Amino acid sequence: MNKKRLPPLNWLRSFEASARHLNFTLAAAELNLTQAAISQQVKGLEGQLGTALFKRLPRGLELTDSGRAYLPPVRDSIERLAAVTDEIFGQGRAKSLTIKVNLVFFTLWLAPRLERFRALHPDVGLRFSSNIWVDESKWDADMEIRYGEGVWPGLSADRLTWDELVPVCSPQLLDAKAPPLSPLDLSEQTLLHVIGYKEGWSYWLNQTGFGQADTTPGIQFDTLISALEMATRGHGIALGRTSLVAEMIDSGRLIAPFPQRVATLEAFHLTYPSHQYLHPHAEAFRSWIVSEAQHASEVHVAADKVG
(Lines give C-alpha, C1' and ligand atoms only; values in the text may rest on other atoms or scores of the structure.)
Protein backbone atom coordinates (compact mmCIF):
# COMPACT_ATOMS: atom_id res chain seq x y z
CA MET A 1 0.00 0.00 0.00
CA ASN A 2 1.44 3.36 -1.08
CA LYS A 3 1.40 5.79 1.84
CA LYS A 4 1.88 9.51 1.18
CA ARG A 5 4.67 10.93 3.32
CA LEU A 6 3.53 13.68 5.68
CA PRO A 7 5.37 17.02 5.37
CA PRO A 8 7.72 18.03 8.23
CA LEU A 9 5.97 19.87 11.05
CA ASN A 10 8.27 22.91 10.75
CA TRP A 11 7.22 23.31 7.09
CA LEU A 12 3.57 23.24 8.13
CA ARG A 13 4.16 25.80 10.90
CA SER A 14 5.91 28.10 8.46
CA PHE A 15 3.03 27.77 6.02
CA GLU A 16 0.39 28.44 8.70
CA ALA A 17 2.19 31.53 10.06
CA SER A 18 2.82 32.88 6.55
CA ALA A 19 -0.82 32.32 5.61
CA ARG A 20 -1.98 34.11 8.74
CA HIS A 21 0.27 37.14 8.18
CA LEU A 22 0.41 36.92 4.37
CA ASN A 23 4.00 37.94 4.81
CA PHE A 24 7.18 35.82 5.11
CA THR A 25 8.98 38.49 7.17
CA LEU A 26 6.27 38.67 9.85
CA ALA A 27 6.02 34.87 9.95
CA ALA A 28 9.79 34.68 10.42
CA ALA A 29 9.65 37.13 13.35
CA GLU A 30 6.91 35.06 15.04
CA LEU A 31 8.78 31.77 14.66
CA ASN A 32 12.24 33.21 15.42
CA LEU A 33 13.58 32.25 11.99
CA THR A 34 15.00 34.20 9.09
CA GLN A 35 12.83 35.29 6.21
CA ALA A 36 14.95 33.14 3.91
CA ALA A 37 14.35 30.06 6.10
CA ILE A 38 10.58 30.59 6.05
CA SER A 39 10.58 31.04 2.28
CA GLN A 40 12.70 27.92 1.80
CA GLN A 41 10.45 25.77 4.03
CA VAL A 42 7.30 26.94 2.23
CA LYS A 43 8.93 26.14 -1.11
CA GLY A 44 9.83 22.70 0.21
CA LEU A 45 6.21 22.14 1.25
CA GLU A 46 4.94 23.27 -2.14
CA GLY A 47 7.43 20.98 -3.83
CA GLN A 48 6.31 17.94 -1.82
CA LEU A 49 2.61 18.72 -2.41
CA GLY A 50 3.16 19.43 -6.06
CA THR A 51 1.24 22.70 -6.08
CA ALA A 52 1.71 26.37 -5.21
CA LEU A 53 0.20 27.54 -1.95
CA PHE A 54 0.93 31.26 -2.35
CA LYS A 55 1.00 33.84 -5.09
CA ARG A 56 4.14 35.94 -4.55
CA LEU A 57 3.14 39.58 -4.99
CA PRO A 58 5.33 42.72 -4.91
CA ARG A 59 3.96 43.71 -1.50
CA GLY A 60 3.13 40.45 0.21
CA LEU A 61 1.44 37.14 -0.38
CA GLU A 62 -1.91 35.84 -1.51
CA LEU A 63 -3.17 32.31 -0.93
CA THR A 64 -3.94 30.20 -3.96
CA ASP A 65 -7.11 28.10 -4.04
CA SER A 66 -5.03 25.13 -2.85
CA GLY A 67 -3.55 27.22 -0.05
CA ARG A 68 -6.97 28.38 1.14
CA ALA A 69 -8.25 24.80 1.17
CA TYR A 70 -5.16 23.47 2.97
CA LEU A 71 -4.97 26.15 5.68
CA PRO A 72 -7.94 25.18 7.94
CA PRO A 73 -6.93 21.54 8.52
CA VAL A 74 -3.27 22.54 9.03
CA ARG A 75 -4.21 25.22 11.54
CA ASP A 76 -6.61 22.87 13.37
CA SER A 77 -3.98 20.11 13.57
CA ILE A 78 -1.31 22.45 14.95
CA GLU A 79 -3.68 23.89 17.57
CA ARG A 80 -4.86 20.43 18.67
CA LEU A 81 -1.30 19.12 18.89
CA ALA A 82 -0.27 22.15 20.96
CA ALA A 83 -3.25 21.70 23.31
CA VAL A 84 -2.63 17.98 23.84
CA THR A 85 1.09 18.56 24.41
CA ASP A 86 0.33 21.18 27.05
CA GLU A 87 -2.24 18.99 28.78
CA ILE A 88 0.08 16.00 29.05
CA PHE A 89 3.46 17.62 29.57
CA GLY A 90 2.85 21.25 30.46
CA GLN A 91 0.76 23.35 32.79
CA GLY A 92 -2.35 21.56 31.55
CA ARG A 93 -1.54 18.72 33.92
CA ALA A 94 -2.86 20.88 36.75
CA LYS A 95 -6.08 21.79 34.91
CA SER A 96 -9.24 20.85 36.77
CA LEU A 97 -11.43 18.17 35.22
CA THR A 98 -14.80 19.80 34.46
CA ILE A 99 -17.82 17.51 34.83
CA LYS A 100 -21.41 18.56 34.29
CA VAL A 101 -23.78 16.46 36.34
CA ASN A 102 -27.46 16.25 37.18
CA LEU A 103 -27.89 17.59 40.74
CA VAL A 104 -29.84 14.61 42.08
CA PHE A 105 -27.23 12.17 40.77
CA PHE A 106 -24.40 14.21 42.26
CA THR A 107 -26.08 14.58 45.66
CA LEU A 108 -27.42 11.06 46.16
CA TRP A 109 -25.05 8.86 44.13
CA LEU A 110 -21.74 10.54 43.30
CA ALA A 111 -21.00 12.66 46.39
CA PRO A 112 -21.07 9.71 48.84
CA ARG A 113 -18.49 7.89 46.66
CA LEU A 114 -16.14 10.73 45.69
CA GLU A 115 -13.88 10.21 48.67
CA ARG A 116 -12.70 6.95 47.09
CA PHE A 117 -11.77 8.64 43.82
CA ARG A 118 -9.90 11.44 45.58
CA ALA A 119 -7.95 8.91 47.64
CA LEU A 120 -6.90 7.12 44.44
CA HIS A 121 -6.18 10.27 42.44
CA PRO A 122 -5.29 13.15 44.79
CA ASP A 123 -3.57 14.99 41.92
CA VAL A 124 -6.74 15.30 39.83
CA GLY A 125 -8.54 18.61 40.28
CA LEU A 126 -12.34 18.40 39.98
CA ARG A 127 -14.87 21.04 38.98
CA PHE A 128 -18.57 20.14 39.00
CA SER A 129 -21.36 22.07 37.31
CA SER A 130 -25.02 21.21 37.86
CA ASN A 131 -26.44 23.66 35.32
CA ILE A 132 -28.39 21.18 33.19
CA TRP A 133 -30.79 23.56 31.42
CA VAL A 134 -28.43 24.34 28.56
CA ASP A 135 -28.20 23.75 24.82
CA GLU A 136 -27.11 20.11 24.51
CA SER A 137 -25.45 20.87 21.17
CA LYS A 138 -22.89 23.07 22.94
CA TRP A 139 -20.16 21.05 24.65
CA ASP A 140 -18.41 23.05 27.38
CA ALA A 141 -17.13 20.37 29.78
CA ASP A 142 -14.63 17.50 29.73
CA MET A 143 -17.37 15.00 30.56
CA GLU A 144 -21.07 15.11 31.33
CA ILE A 145 -23.43 12.80 33.22
CA ARG A 146 -26.74 12.72 31.36
CA TYR A 147 -30.04 10.95 31.90
CA GLY A 148 -31.66 9.22 28.96
CA GLU A 149 -31.55 6.11 26.81
CA GLY A 150 -27.82 6.41 26.11
CA VAL A 151 -27.81 7.61 22.50
CA TRP A 152 -26.56 11.12 21.78
CA PRO A 153 -25.05 12.02 18.38
CA GLY A 154 -21.29 12.46 18.54
CA LEU A 155 -20.99 11.20 22.12
CA SER A 156 -19.79 7.99 23.70
CA ALA A 157 -21.87 6.92 26.71
CA ASP A 158 -21.05 4.58 29.61
CA ARG A 159 -24.15 3.44 31.50
CA LEU A 160 -23.94 4.07 35.25
CA THR A 161 -27.30 2.95 36.66
CA TRP A 162 -29.69 0.03 36.19
CA ASP A 163 -32.74 1.26 38.08
CA GLU A 164 -36.24 0.25 38.93
CA LEU A 165 -38.97 2.83 39.30
CA VAL A 166 -40.43 2.70 42.80
CA PRO A 167 -43.02 5.01 44.43
CA VAL A 168 -41.69 6.50 47.69
CA CYS A 169 -43.11 8.70 50.41
CA SER A 170 -42.68 9.69 54.02
CA PRO A 171 -43.73 7.14 56.66
CA GLN A 172 -46.43 9.68 57.56
CA LEU A 173 -47.95 12.18 55.17
CA LEU A 174 -49.13 15.67 56.03
CA ASP A 175 -52.27 15.99 58.14
CA ALA A 176 -51.32 12.71 59.82
CA LYS A 177 -52.38 10.69 56.79
CA ALA A 178 -51.09 7.16 56.49
CA PRO A 179 -49.35 6.12 53.27
CA PRO A 180 -51.62 4.46 50.69
CA LEU A 181 -51.92 0.68 50.84
CA SER A 182 -52.46 0.10 47.11
CA PRO A 183 -51.73 1.89 43.82
CA LEU A 184 -55.52 2.08 43.46
CA ASP A 185 -55.43 4.73 46.19
CA LEU A 186 -53.05 7.02 44.24
CA SER A 187 -55.96 8.99 42.73
CA GLU A 188 -56.58 10.38 46.20
CA GLN A 189 -52.92 11.29 46.78
CA THR A 190 -50.70 14.19 45.77
CA LEU A 191 -48.34 12.89 43.12
CA LEU A 192 -44.96 14.61 42.72
CA HIS A 193 -44.07 14.82 39.02
CA VAL A 194 -40.66 15.57 37.49
CA ILE A 195 -40.50 17.38 34.15
CA GLY A 196 -38.20 15.84 31.56
CA TYR A 197 -38.44 12.17 32.50
CA LYS A 198 -40.10 10.00 29.84
CA GLU A 199 -40.74 7.26 32.40
CA GLY A 200 -42.98 9.13 34.80
CA TRP A 201 -46.11 8.30 36.76
CA SER A 202 -48.23 7.42 33.72
CA TYR A 203 -45.56 5.00 32.53
CA TRP A 204 -45.28 3.29 35.94
CA LEU A 205 -49.06 2.97 36.35
CA ASN A 206 -49.52 1.53 32.85
CA GLN A 207 -46.68 -0.93 33.31
CA THR A 208 -48.08 -2.17 36.64
CA GLY A 209 -51.69 -2.45 35.44
CA PHE A 210 -53.08 0.56 37.33
CA GLY A 211 -53.42 2.90 34.36
CA GLN A 212 -56.91 3.90 35.47
CA ALA A 213 -55.52 5.97 38.34
CA ASP A 214 -55.80 9.74 37.88
CA THR A 215 -52.33 11.33 37.69
CA THR A 216 -53.44 14.90 37.01
CA PRO A 217 -53.52 16.21 40.59
CA GLY A 218 -50.10 16.89 42.00
CA ILE A 219 -47.06 19.15 41.93
CA GLN A 220 -44.49 19.45 39.14
CA PHE A 221 -40.73 19.96 39.60
CA ASP A 222 -37.82 20.45 37.23
CA THR A 223 -35.47 18.28 39.31
CA LEU A 224 -35.96 14.90 40.95
CA ILE A 225 -34.10 15.99 44.07
CA SER A 226 -36.79 18.62 44.71
CA ALA A 227 -39.54 16.01 44.38
CA LEU A 228 -37.74 13.63 46.74
CA GLU A 229 -37.23 16.38 49.32
CA MET A 230 -40.93 17.18 49.23
CA ALA A 231 -41.69 13.48 49.60
CA THR A 232 -39.55 13.22 52.74
CA ARG A 233 -41.56 16.13 54.19
CA GLY A 234 -44.86 14.35 53.63
CA HIS A 235 -46.16 16.49 50.76
CA GLY A 236 -46.93 13.57 48.47
CA ILE A 237 -45.59 10.53 46.67
CA ALA A 238 -42.58 10.66 44.32
CA LEU A 239 -41.44 8.17 41.74
CA GLY A 240 -37.91 7.27 42.75
CA ARG A 241 -35.05 5.49 41.01
CA THR A 242 -33.66 2.68 43.15
CA SER A 243 -30.02 3.76 42.83
CA LEU A 244 -30.94 7.19 44.20
CA VAL A 245 -33.43 6.39 46.97
CA ALA A 246 -31.82 3.26 48.46
CA GLU A 247 -30.03 5.16 51.25
CA MET A 248 -33.11 7.27 52.01
CA ILE A 249 -35.19 4.10 52.38
CA ASP A 250 -32.52 2.39 54.52
CA SER A 251 -32.41 5.41 56.85
CA GLY A 252 -36.21 5.49 57.18
CA ARG A 253 -36.66 8.95 55.64
CA LEU A 254 -38.68 7.34 52.87
CA ILE A 255 -40.64 4.14 52.51
CA ALA A 256 -41.74 2.20 49.42
CA PRO A 257 -45.44 1.52 50.17
CA PHE A 258 -46.03 -0.85 47.23
CA PRO A 259 -44.14 -3.98 46.12
CA GLN A 260 -44.51 -3.18 42.41
CA ARG A 261 -41.36 -2.01 40.64
CA VAL A 262 -40.66 -1.33 36.97
CA ALA A 263 -37.24 -1.61 35.34
CA THR A 264 -36.16 1.59 33.60
CA LEU A 265 -35.04 1.99 30.02
CA GLU A 266 -33.57 5.40 30.83
CA ALA A 267 -30.45 5.65 32.97
CA PHE A 268 -27.63 7.95 33.99
CA HIS A 269 -24.68 7.83 31.59
CA LEU A 270 -21.18 9.28 31.61
CA THR A 271 -20.77 10.97 28.23
CA TYR A 272 -17.83 12.45 26.32
CA PRO A 273 -17.09 13.32 22.67
CA SER A 274 -16.59 10.17 20.59
CA HIS A 275 -13.78 11.44 18.38
CA GLN A 276 -11.88 13.66 20.77
CA TYR A 277 -8.72 13.07 22.76
CA LEU A 278 -9.54 12.06 26.35
CA HIS A 279 -7.17 13.60 28.88
CA PRO A 280 -5.53 11.07 31.26
CA HIS A 281 -7.39 12.66 34.20
CA ALA A 282 -10.69 12.20 32.36
CA GLU A 283 -9.78 8.60 31.54
CA ALA A 284 -8.98 7.98 35.22
CA PHE A 285 -12.37 9.36 36.26
CA ARG A 286 -14.16 7.35 33.57
CA SER A 287 -12.49 4.10 34.64
CA TRP A 288 -13.26 4.76 38.31
CA ILE A 289 -16.93 5.73 37.96
CA VAL A 290 -17.71 2.85 35.59
CA SER A 291 -16.18 0.44 38.11
CA GLU A 292 -18.21 2.02 40.93
CA ALA A 293 -21.39 1.74 38.87
CA GLN A 294 -20.81 -1.93 38.10
CA HIS A 295 -20.12 -2.65 41.78
CA ALA A 296 -23.27 -0.79 42.87
CA SER A 297 -25.32 -2.76 40.36
CA GLU A 298 -23.91 -6.08 41.60
CA VAL A 299 -24.67 -5.14 45.22
CA HIS A 300 -28.24 -4.20 44.26
CA VAL A 301 -28.78 -7.52 42.47
CA ALA A 302 -27.37 -9.47 45.42
CA ALA A 303 -29.61 -7.56 47.86
CA ASP A 304 -32.69 -8.33 45.76
CA LYS A 305 -31.83 -12.05 45.78
CA VAL A 306 -31.46 -12.02 49.56
CA GLY A 307 -34.73 -10.09 49.89
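Residues numbered from 1 in each chain as written. Predicted model: local features only at pLDDT ≥ 70, side-chain atom pairs only at ≥ 80, totals over all residues. Heavy atoms only, no water.

### Brief notes about the sheet that holds strand 7 (residues 164-168)
- In spatial order, the strands read 9-8-10-7-11; together these 5 strands make up an open sheet with mixed pairing. Looking at which strands have only one partner, the edges of the open sheet turn out to be strand 9 (218-221) and strand 11 (262-263).
- In the sheet, strand 8 (residues 191-194) pairs with strand 10 (residues 237-241) via 2 bridges, with the strands oriented parallel. Paired with leucine 192 across the strands is alanine 238, a residue of strand 10.
- Taken strand by strand, helix 9 (residues 242-250) contacts strand 7 and strand 10, and its axis lies near 115 degrees from that of strand 10. (Pairing = 2+ DSSP bridges. Helix = DSSP H or I, 4+ residues; strand = E, 2+ residues; numbered from the N terminus. Contact = heavy atoms within 4.5 Å. Axes fitted to C-alpha atoms, helices over the stretch in contact; angles between N-to-C directions.)

### Section: unusual backbone geometry
- Residues other than glycine seldom take positive phi values, yet leucine 22 does so here, at roughly 50 degrees.
- Looking at the secondary structure, you find leucine 22 in the loop between helix 1 (9-21) and helix 2 (24-31).
- In the Ramachandran plot, asparagine 32 falls in the positive-phi region, its phi being about 55 degrees despite a non-glycine side chain.
- Examined against the element boundaries, asparagine 32 turns out to sit in the loop between helix 2 and helix 3 (35-49).
- Residue asparagine 32 is classed as exposed on the basis of its relative accessible area of 69%. (Buried < 20%, exposed > 50% of the residue type's maximum accessible area, 1.4 Å probe, protein only.)

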